[in-house]
Amino acid sequence: EAMECLGGNGYVEDGPLARAYREAPVNAIWEGSGNVVALDLLRAAEREEEAMERLLAALAKAAGDLPGARAALDRIKTNLRIPAREVHARRTAETLALLAAAAALKATAPAEIAEAFAQHRLHGITGRSYGDPISGTLAETLIARSFSRAA
């Protein structure tokens, strides 16, 4: 997403960041790779239904008790079945990626980190954007973890 947003700017701006992006492989993503990946996900899910069912079952087992995980799974399943699934393809792919990230965190990070991620990224997904504020003890926990040598 960052490359899609910033990459093209390298061709119309003359600031230092833009100059750096001029040399990046922007052509590979110029057509909106996020959309292409999302549509590929839909094609693969349709072609390999059993594999998708196994993946979702594994994610349910791995992350099912995290905040918002069950609802995220339900949204993915619904969006893969509806006739206008292409309309929701990007959100479906994003939700699937966030659910997989939450499962990975649950397997490898302290419980409060996995729960914080799930709470912020899966619970009540409605038009949020990266950089949404995290407040209170959750923010303090994440900051402490990021500066911890044991992290």
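## A closer look at the packing of helix α4 (residues 49–63) against helix α6 (residues 89–108)
Part 1 of the argument: Contact geometry of α4 with α6 gives a least axis separation of 9 Å together with a crossing angle of 45°. Relative to α6, the element α4 is oriented oblique. Pair α4 / α6 crosses with left-handed handedness. Residues L55, L56, L59, A62 and A63 of α4 form the contact with α6, whose own contacting residues are L96, L99, A100, A103 and K106.
Part 2 of the argument: Classifying every residue of the contact of α4 with α6 gives nine nonpolar, no polar and one charged.

## Describing the nonpolar core
General note: in soluble globular proteins, nonpolar side chains tend to be found buried as a group.
Part 1 of the argument: Judged by nonpolar contacts, the single largest core of 25 residues is most densely connected at L66, L99 and L122.
Part 2 of the argument: Sorting the residues of this core by element identifies α3 (33–47), α4, α5 (69–81), α6 and α7 (111–121) as the ones contributing at least two each.
Part 3 of the argument: Here this core takes seven residues from α6, the largest share from any one element.
Part 4 of the argument: The residues touching L122, leaving out its near neighbours within four places in the chain, are P67, G68, A69, A72, R75, T95, L98, L99, A102 and F117.

## Overview of the pattern of salt bridges
Part 1 of the argument: Within the structure shown, the criterion is met by five salt bridges.
Part 2 of the argument: With a closest N to O distance of 2.9 Å, R54 and E50 form a salt bridge. Residue R54 and its partner E50 are located together in helix α4, separated by four residues, close to a single helical turn.
Part 3 of the argument: Exposure remark for E50: the relative accessible area of 55% places this residue in the exposed category.
Part 4 of the argument: A salt bridge links K106 to D65; its shortest N-O distance comes to 2.5 Å. Note that K106 is positioned in helix α6 and D65 in the loop between α4 and α5, a separation of 41 residues in sequence.
Part 5 of the argument: Owing to a relative accessible area of 61%, D65 belongs among the exposed residues under this scheme.

Procedures and definitions
Residues numbered from 1 in each chain as written. Predicted model: local features only at pLDDT ≥ 70, side-chain atom pairs only at ≥ 80, totals over all residues. Heavy atoms only, no water. Axes fitted to C-alpha atoms, helices over the stretch in contact; angles between N-to-C directions. Helix = DSSP H or I, 4+ residues; strand = E, 2+ residues; numbered from the N terminus. Parallel < 35°, antiparallel > 145°, perpendicular 65-115°, else oblique. Left-handed = near helix turned anticlockwise from the far one by under 90°. Contact = heavy atoms within 4.5 Å. Nonpolar A, V, L, I, M, F, W, Y, C, P; charged D, E, K, R; others polar. Core = buried A, V, L, I, M, F, W, Y, C linked by side-chain atoms within 4.5 Å. Buried < 20%, exposed > 50% of the residue type's maximum accessible area, 1.4 Å probe, protein only. Salt bridge = Lys/Arg side-chain N within 4 Å of Asp/Glu carboxyl O.

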